[in-house]
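Below, each chain spelled out in residue letters.
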2 protein chains.
Amino acid sequence: MTDTKTIKVGLLGLGTVGTGVYKLIGRRSEEMQQKTGAALEIKKILVHNMKKVRQGVDQNLLTDQWKEIIEDDEIQIVIEVMGGIEPAKTMITEALKAGKNVVSANKDLIAEYGKELYDAAKEGSADFLFEAAVAGGIPIIRPLKQCLEGNQIDEIMGIVNGTTNYILTKMFEDGMDFTEALAKATELGYAEADPTADVEGLDAGRKVAIMATSAFHSQVKFSDVYTEGITKITAADVNYAKEMGNVIKLIGIARNTSNGIEAGVYPMMIDKKHPLATVRDSFNAVFVHGDAVGDTMFYGRGAGELPTASAVVGDVMDVTRNIVWNCTGRIGWSAYKELPIKEFADVKNRFFIRMQVSNEPGVLAAIAKVFGDHKVSIERVIQEQAKAAKAELVIGTSAVKEYHLQDALEELKEMPIVSEISSIIREY
Amino acid sequence: MTDTKTIKVGLLGLGTVGTGVYKLIGRRSEEMQQKTGAALEIKKILVHNMKKVRQGVDQNLLTDQWKEIIEDDEIQIVIEVMGGIEPAKTMITEALKAGKNVVSANKDLIAEYGKELYDAAKEGSADFLFEAAVAGGIPIIRPLKQCLEGNQIDEIMGIVNGTTNYILTKMFEDGMDFTEALAKATELGYAEADPTADVEGLDAGRKVAIMATSAFHSQVKFSDVYTEGITKITAADVNYAKEMGNVIKLIGIARNTSNGIEAGVYPMMIDKKHPLATVRDSFNAVFVHGDAVGDTMFYGRGAGELPTASAVVGDVMDVTRNIVWNCTGRIGWSAYKELPIKEFADVKNRFFIRMQVSNEPGVLAAIAKVFGDHKVSIERVIQEQAKAAKAELVIGTSAVKEYHLQDALEELKEMPIVSEISSIIREY
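Residues numbered from 1 in each chain as written. Chains lettered and ligands numbered in written order. Predicted model: local features only at pLDDT ≥ 70, side-chain atom pairs only at ≥ 80, totals over all residues. Heavy atoms only, no water.

Looking at an unreviewed UniProt entry, one finds chain A named Homoserine dehydrogenase and attributed to Coprococcus comes. In the Catalytic activity (unreviewed entry) part of its UniProt record, chain A is described as follows: "L-homoserine + NADP(+) = L-aspartate 4-semialdehyde + NADPH + H(+)". (UniProt positions renumbered as here; feature names shortened; annotations may be inferred.)

Below, the structure is given as structure tokens:
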């Protein structure tokens, strides 16, 4: 092909995702040009350890000096797949200010410093894209920022952490307990050595912040997202969920309500007929509700070398076309509103509460009175027919403010007839 | 806001979708500018009948002269929501050649003349977008052409007709037969007075052609798509499907194989655990498999006033931004390959065959021999325990070429022991 334009790329990081990106750009290089109007060439790759042997990677491209990439005038696209706040933040900021386009998969950074990075992109008239930062290979950021842009989006609800979804699937389908399922996830490489960010909902919380910001046009930071993990979910909860026709999923949820944005991550019981209920194993899915489109859902692989690389390379090809057409920086920070974030205590939820109580007359009445005193309406009661001195009581509430429920539970914990509050799980 | 740029829009058609677009642009006008950098103003609307009273529409905008829109130098975006081949084709072609950007929801036209329209768009350096033409409000064209562009997509499989999905849902869940379910769909406005295009799979076939062209980068026309409808599905088929843990869905499917593109629409039995199986009522969903991303799915409302308008307005906002940034025409015809279309007779499928046979010894052996002679392997046999002279025989085949199966069936039909071939349904 004549008149070939080649665009040079710098890659920051060569871990799992970086390797995937390197492979995929290589695999697609011939077609890239026909799709975008320019060929791509990875010119430099930033790594920690220059001596490590990396199968299939051209060793000549490696550098351990990041300035070699940011200060290289030939490089027009920087792909950041290192993760973490620093040094990624400094590198990306400098690259953007210098007019380099940046594609990033860094959810930690974007969830906290999205605005600052977009400001740097504006300064450099550069593209800043991050489809890979949320739900891996699933197109969700571009749909939110472009395809569904004609909508007022009022709810986003998703399974955006594959590790915990795998664990919950094993607990549901194979009767494993949490520890066993986590061990299995670690064995398969789904869970990291330190699984805290996954199992405590922090990873999902960052993704919720990014999606909410994109969808509601108002900044939601990770620190605005209430997070609660799945470590307390037990086999008993799983059994009750099944009995009630539900599944338990770690749900990231954000709502744009008339009195503020709600954003949280917590395990929820959802009806097994809800589209999210059928999302199994390490798959992710995001459910979006808009005033015009109604319900939509986006489903796929939320992590992994090639699925994440798919999202990165999609962004890179978009940037390439924008460079060819001289219109980078077209889609920038779109959070032009300043909506309040609702205190989590004021968010309303329905609750499933499992507790151990004395098996004697009047106990249910006493407990119901405490809930009633705190404005918590009870929708459903399941009481085990036990002959022992203790019985298990399961209560389903209607939608109540978090603080009312917490107040009721505080009082219940003090009562001699209540020996344990075993589970508190929100219901959709 | 100072420095306001206003972009003028012409609307061709004011039926269901046109009305939705008119409403939605009105509803979003204030935010449009913050999102895209320009305000939108509908300047003219082409209608058939100038005298009809249209609630909430400014009568002064109406015209019945299409040239008033195409020849208006101020109009930069033309939205075509009339449907049908002509006169839409002439209008869109002239608009594009004149450098006007076109957003269309016209699947009939794009499935047959996509290439010609993109050629006209190229001539006018104009955008030609049609997210609404496939699966209504669900983002699928932009994901295929952009987000998933780094993939080699080898399979697209979807429920892309809401009417037939509603009918099949009613047959499955409420025990209705086809005629009854169709009547219900008509009553609810899901089916048109002449339901042929829906129930015979023609509407879905057009969408398959458009998706396959976008995904495989090679032109697939509607005439390349084999189509078969749902009119022959009976309550007996539904019962067998349930017994086997399946559902029956009208599936549009396209595969990019090493010896050609396969494209078809037909009812299929799919495992009830497949993500498409849970798509109920008039919802649509498209399943896409790419070499990097793996399995993905896009779910939502495939039709209706506002869901379709959501897709149109998303495209319009994209075009608006491109006008502001002077980069229209960036994403054009991308079918740069010329892959062969496989003859449908050579496509391999698994089959569910239900037939009425004589209830006597040796019948199964005789039938099995005919299948075997035509290279059709049998995977499963269900024979009703009947005391009558006739019995129902259900056969499940392994994946066999369509023509082998057709040949076997021709021979079976001639046999005195076979009184009827009652159903032939493909299995995923």
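S.K.: For this particular structure, what's the right way to read the packing of helix 6 (residues 162–173) of chain A against helix 7 (residues 178–187) of chain A?
M.R.: A pair of packed helices can be characterised by two numbers: the angle between their axes and the separation between those axes. Residues and elements named next belong to chain A. Running from amino to carboxyl end, helix 6 crosses helix 7 at an angle of 130°, the nearest separation of the two axes being 9 Å. Between helix 6 and helix 7, the crossing angle belongs to the class labelled oblique. Judged by the sense of rotation from one axis to the other, the crossing of helix 6 with helix 7 is right-handed. For the pair formed by helix 6 and helix 7, the contact residues are Tyr166, Ile167, Lys170 and Met171 on the first element and Phe178, Ala181, Leu182, Lys184 and Ala185 on the second. When grouped by side-chain class, the residues that make up the contact of helix 6 with helix 7 number seven nonpolar, no polar and two charged. (Axes fitted to C-alpha atoms, helices over the stretch in contact; angles between N-to-C directions. Helix = DSSP H or I, 4+ residues; strand = E, 2+ residues; numbered from the N terminus. Parallel < 35°, antiparallel > 145°, perpendicular 65-115°, else oblique. Left-handed = near helix turned anticlockwise from the far one by under 90°. Contact = heavy atoms within 4.5 Å. Nonpolar A, V, L, I, M, F, W, Y, C, P; charged D, E, K, R; others polar.)

S.K.: Even after reading the chapter, I still don't get the relation of the copies chain A and chain B, so can you show me in this structure?
M.R.: Two copies of the chain are present, and they differ by a rotation about an axis and a shift along that axis. Relative to chain B, chain A is turned by 180° and slid 0.0 Å along the rotation axis, the superposed coordinates differing by an RMSD of 0.0 Å. These values place the two chain copies in the arrangement generated by a two-fold rotation axis. Residue phenylalanine 298 of chain A of chain A places its C-alpha closer to the rotation axis than any other residue of that unit, at 2.4 Å. (Least-squares fit on C-alpha atoms with pLDDT ≥ 70 in both.)

S.K.: Would you mind going over the UniProt feature "binding site: NADP(+)" (unreviewed entry) in chain A with me for this structure?
M.R.: All names here are of chain A. In this numbering, the UniProt entry assigns the feature "binding site: NADP(+)" (unreviewed entry) to Leu12, Gly13, Leu14, Gly15, Thr16, Val17, Gly18 and Thr19. Relative to the elements of secondary structure, glycine 15 occurs in the loop between strand 1 (6–12) and helix 1 (16–36). Locating threonine 16 in the fold gives a position in helix 1. A residue is classified by how much of its surface remains accessible, and threonine 16, at 52% relative accessible area, is exposed. (Buried < 20%, exposed > 50% of the residue type's maximum accessible area, 1.4 Å probe, protein only.)

S.K.: Quick question: what am I supposed to make of the sheet that holds strand 4 (residues 75–80) of chain A here?
M.R.: Each strand in a sheet pairs with another by means of backbone hydrogen bonds, the pair being arranged parallel or else antiparallel. All names here are of chain A. In spatial order, the strands read 3-2-1-4-5-6; together these six strands make up an open sheet with parallel pairing. Each having just a single partner strand, strand 3 (62–63) and strand 6 (128–129) make up the two edges of the open sheet. Two strands pair when backbone bridges link them, and strand 1 and strand 4 are joined in this way by five bridges, in the parallel orientation. Counted as the bridge partner of valine 9 is isoleucine 77 from strand 4. Each of strand 1, strand 2 (39–46), strand 4, strand 5 (101–104) and strand 6 touches helix 3 (residues 88–97); the most contacted strand, strand 5, lies at about 150° to it. On top of the sheet, helix 11 (residues 305–324) reaches strand 1, strand 2, strand 4, strand 5 and strand 6; it is set at about 160° to strand 4, its chief contact. (Pairing = 2+ DSSP bridges.)

S.K.: Even after reading the chapter, I still don't get the interface of chain A and chain B, so can you show me in this structure?
M.R.: Many authors give the size of an interface as the accessible area that is lost as the parts come together. Taken together, the contact pairs 51 residues of chain A with 51 residues of chain B. Both faces considered, chain A and chain B share a buried interface measuring about 4,600 Å² in area, 55% of it formed by carbon and sulfur atoms. For the side of chain A that touches chain B, the secondary structure elements donating two or more residues are helix 1, helix 5 (141–147), strand 12 (294–301) and helix 11 of chain A. For the side of chain A that touches chain B, the residue count by class is 20 nonpolar, 16 polar and 15 charged. Across three bridges, the pairing between strand 12 of chain A and strand 12 (residues 294–301) of chain B is antiparallel. Paired with tyrosine 299 of chain A across the strands is methionine 297 of chain B, a residue of strand 12 of chain B. (Buried area = accessible area lost by both parts, 1.4 Å probe.)

S.K.: Is there a simple way to explain the domain arrangement of chain A in this structure?
M.R.: All names here are of chain A. Assigned domains within chain A: domain 1 (6–136 + 305–324), domain 2 (149–300) and domain 3 (344–427). With centres defined by C-alpha atoms, the gap from domain 2 to domain 3 works out at 25 Å. Counting from both sides, the interface comprises 16 residues of domain 2 and, opposite them, 14 residues of domain 3. Regarding the contact of domain 2 and domain 3, the summed buried area is about 1,400 Å², with carbon and sulfur atoms giving 61% of it. Summed over the shared surface of domain 2 and domain 3, the result is two salt bridges. For arginine 354, the salt bridge goes to aspartate 237, with nearest N and O atoms at 2.9 Å. (Domains from an automatic or database assignment. Salt bridge = Lys/Arg side-chain N within 4 Å of Asp/Glu carboxyl O.)

S.K.: Would you take a moment to explain helix 6 (residues 162–173) of chain B for this structure?
M.R.: Residue pairs three or four apart in sequence face the same way in an α-helix, which turns once every 3.6 residues. Residues and elements named next belong to chain B. The terminal C-alpha atoms of helix 6 lie 16 Å apart, and with twelve residues this matches the ideal 16 Å at 1.5 Å per residue to within 8%. Among the twelve residues of helix 6, eleven are classified as buried, and the element is accordingly described as predominantly covered. Residues of helix 6 that are buried: Gly162, Thr163, Thr164, Asn165, Tyr166, Ile167, Leu168, Thr169, Lys170, Met171 and Phe172. Residues of helix 6 that are buried sit in contact with strand 7 (153–159), helix 7 (178–187), helix 8 (196–199), helix 10 (235–243), strand 9 (246–257) and strand 11 (283–290). Just downstream of helix 6 lies glycine 175, where phi reads positive at about 70°. (Expected span 1.5 Å × (residues − 1).)

S.K.: Is there a simple way to explain the nonpolar core in this structure?
M.R.: The nonpolar side chains of a soluble globular protein tend to be buried, and buried together. Counting residues in each nonpolar core, the largest one holds 186 residues, and the members touching the most others are Phe128, Ile140 and Leu276 of chain A together with Phe128, Ile140 and Leu276 of chain B. Non-local contacts of isoleucine 140 of chain A, meaning those with residues more than four positions away in its chain, are made with Glu131, Val134, Ala135, Met211, Val286, Val288 and Phe298 of chain A. Counting residues in each nonpolar core, the second largest holds 35 residues, with Val21, Leu24, Val103 and Leu129 of chain A among its members. (Core = buried A, V, L, I, M, F, W, Y, C linked by side-chain atoms within 4.5 Å.)

S.K.: Would you mind going over the side chain of arginine 54 of chain A with me for this structure?
M.R.: Residues and elements named next belong to chain A. Along the polypeptide, arginine 54 turns up in the loop between strand 2 and strand 3. There is no salt bridge for the buried arginine 54, and the closest opposite charge comes from aspartate 64, which lies 9.2 Å off by N-O distance. Arginine 54 has contacts with Leu14, Val47, Asn49, Gln59 and Leu62, leaving out every residue within four places of it along the chain. (Lys, Arg positive; Asp, Glu negative; His and termini not counted.)

S.K.: Please explain the pattern of salt bridges as it appears in this structure.
M.R.: Side-chain pairing between opposite charges can occur once the charged atoms of the two side chains come close. All names here are of chain A. Overall, the coordinates contain 68 salt bridges over all chains when judged by the stated rule. A salt bridge links glutamate 410 to lysine 413; the nearest nitrogen and oxygen atoms lie 3.7 Å apart. Placement of the pair is glutamate 410 and lysine 413 together in helix 13 (residues 402–413), with a separation of three residues, close to one helical turn. Its relative accessible area of 44% is what places glutamate 410 among the partly exposed residues. The exposure class of lysine 413 is partly exposed, given its relative accessible area of 46%.

S.K.: What am I meant to see in the UniProt feature "binding site: L-homoserine" (unreviewed entry) in chain A here?
M.R.: Residue and element names in this part refer to chain A. Mapped onto this numbering, the UniProt entry gives "binding site: L-homoserine" (unreviewed entry) at Glu192. Along the chain, the position of glutamate 192 falls in the loop between helix 7 and helix 8 (196–199). Taking the relative accessible area as the measure of exposure, glutamate 192 reaches 55% and is therefore exposed.

S.K.: Hey, could you run me through the packing of aromatic side chains in this one?
M.R.: Given two aromatic rings, their pairing is described by the distance between the two centres and the angle made by the two planes. A complete count under the given rule lists 21 aromatic pairs over all chains for this structure. Relative to phenylalanine 344 of chain B, the ring of tyrosine 226 of chain B has its centre 3.8 Å away and its plane inclined at 5°; by these criteria the two rings are stacked. Of this pair, tyrosine 226 of chain B sits in strand 8 (residues 226–227) while phenylalanine 344 of chain B sits in the loop between helix 11 (305–324) and strand 13 (348–358); the two residues are 118 residues apart in sequence, bridging distant segments of the chain. Taking the relative accessible area as the measure of exposure, phenylalanine 344 of chain B reaches 15% and is therefore buried. An aromatic cluster is built from Tyr118, Phe128, Phe130 and Trp333 of chain A, whose rings are joined through pairwise contacts. In this structure, arginine 426 of chain A packs its charged tip against the face of tyrosine 266 of chain A, placed 4.5 Å from the ring centre. (Phe/Tyr/Trp six-rings, centres within 6.5 Å; stacked < 30°, edge-to-face > 60°. Lys NZ or Arg CZ within 6 Å of the ring centre and 35° of its normal.)

S.K.: Just checking my understanding: could you explain helix 4 (residues 107–123) of chain A for this structure?
M.R.: All names here are of chain A. The largest bend in helix 4 comes to about 90°, at tyrosine 113. Considered for burial, the residues of helix 4 that qualify are Lys107, Leu109, Ile110, Ala111, Gly114, Leu117, Tyr118, Ala120 and Ala121. Each element contacted by the buried residues of helix 4 is listed here: helix 3, strand 5, strand 6, helix 5 and helix 9 (202–216). Where helix 4 ends, the next residue or the one after it, serine 125, has phi of about 50°, a positive value. (Bend = angle between axes of the 7 residues up to and from the residue.)

S.K.: Looking at this structure, I do not really get the pairing of strand 1 of chain A. What am I missing?
M.R.: Side chains on a regular strand alternate between the two faces of the sheet. Residues and elements named next belong to chain A. Of all the seven residues making up strand 1, six are buried; the element is thus mostly covered by neighbouring parts of the structure. Bridging between strand 1 and strand 2 involves seven bridges; their strand directions are parallel. Its bridge partner lying in strand 2, leucine 12 is registered against leucine 46. On the question of chirality, the crossover connecting strand 1 to the parallel strand 2 by way of helix 1 is right-handed. (Right-handed = clockwise from strand over helix to strand, strands pointing away.)

S.K.: For this particular structure, what's the right way to read the environment of alanine 391 of chain A?
M.R.: Residues and elements named next belong to chain A. Relative to the assigned elements, alanine 391 resides in strand 15 (residues 390–397). Looking at alanine 391, the relative accessible area reads 1%, which means it is buried. Put simply, alanine 391 and methionine 355 are 36 residues apart on the chain and 8.4 Å apart in space, counted from C-alpha to C-alpha. Contacts of alanine 391, omitting those with residues within four sequence positions, involve Met355, Gln356, Val357, Asn359, Gln383, Glu384 and Ala386.

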